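Read off the chains here:
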Amino acid sequence: MAVLEARGFKQGDFAKRHPSGAIGRALLLRVGDIMRSGDRNAVAREGLSVKESLLVMTQAKSGSLSVVNGAASWWGVY
């Protein structure tokens, strides 16, 4: 690490040169590059039943669900 720092080797350099690039690409990504949004983001109120929540996930073609409370009602959740 000391040699890398002395040579001015940055995180972006590692990302570009890492074998196969998978780890490197992950270092360059931002949350906004990979996050779900709009209709693809499954969001539901905390009072929804499990069955209703599964329908929300299915409609979004998602394997996960963000559960929000009443304070987040402005999100337009189901």
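Residues numbered from 1 in each chain as written. Predicted model: local features only at pLDDT ≥ 70, side-chain atom pairs only at ≥ 80, totals over all residues. Heavy atoms only, no water.

Engineer: Explain the overall build of the chain here, please?
Structural biologist: The secondary structure content of the chain amounts to 5 helices and 2 strands. When the accessible surface of the chain is totalled, it reaches about 6,300 Å², and 57% of it is carbon and sulfur. (Helix = DSSP H or I, 4+ residues; strand = E, 2+ residues; numbered from the N terminus. Areas by Shrake-Rupley, 256 points an atom, 1.4 Å probe, with all protein chains shown as cover.)

Engineer: What is the right way to look at the nonpolar core in this model?
Structural biologist: General note: in soluble globular proteins, nonpolar side chains tend to be found buried as a group. By size, the foremost hydrophobic cluster in this structure holds 6 residues: Ala42, Ala44, Leu48, Val56, Met57 and Ala60. Among residues more than four places away in sequence, those in contact with Met57 are Ala42, Ser62, Gly63, Ser64 and Leu65. (Core = buried A, V, L, I, M, F, W, Y, C linked by side-chain atoms within 4.5 Å. Buried < 20%, exposed > 50% of the residue type's maximum accessible area, 1.4 Å probe, protein only. Contact = heavy atoms within 4.5 Å.)

Engineer: I keep staring at the side chain of Ser62 and nothing clicks. Help me out?
Structural biologist: Relative to the helices and strands, Ser62 resides in the loop between helix 5 (50–59) and strand 2 (66–68). In this view, Ser62 contacts Arg36, Arg40, Ala42 and Met57; residues no more than four positions away in its chain are not counted.

Engineer: In this structure, what is going on with unusual backbone geometry? I would like to understand it.
Structural biologist: Peptide bonds are mostly trans, and most non-glycine residues show a negative phi. Residues other than glycine seldom take positive phi values, yet Lys61 does so here, at roughly 55°. With respect to the element layout, Lys61 can be found in the loop between helix 5 and strand 2.

Engineer: How should helix 5 be read in this particular structure?
Structural biologist: Quick reminder: α-helices carry 3.6 residues per turn. Residues three or four places apart thus point the same way. Those residues of helix 5 lying buried are Ser53, Val56 and Met57. All buried residues of helix 5 project into a common sector of 95° when viewed along the axis, lining one side. Facing away from the buried side of helix 5, by more than 90 degrees, are the exposed residues Lys51, Thr58 and Gln59. Of the surrounding elements, those touching the buried residues of helix 5 are strand 1 (43–45). Once helix 5 ends, the next one or two residues include Lys61, with phi positive near 55°. (Arc of directions from axis to C-beta.)

Engineer: Where do I start with the confidence of the model for the chain in this structure?
Structural biologist: Detailed reading of the predicted coordinates is not advisable wherever pLDDT falls low. This prediction gives the chain a mean pLDDT of 79; 76% of its residues lie at or above 70. When mean pLDDT is compared element by element in the chain, helix 5 scores highest at 94, while helix 3 (residues 22–28) scores lowest at 68. (pLDDT = per-residue confidence, 0-100.)

Engineer: Help me understand the environment of Lys61, please; the structure alone is not making it clear to me.
Structural biologist: Of the residues examined, Lys61 reaches a relative accessible area of 64% and is grouped as exposed. Residues Lys61 and Ala42 lie 19 residues apart in sequence; the distance between their C-alpha atoms is 8.2 Å. Discounting residues that sit within four places of it in the chain, Lys61 has contacts with Arg36 and Arg40.

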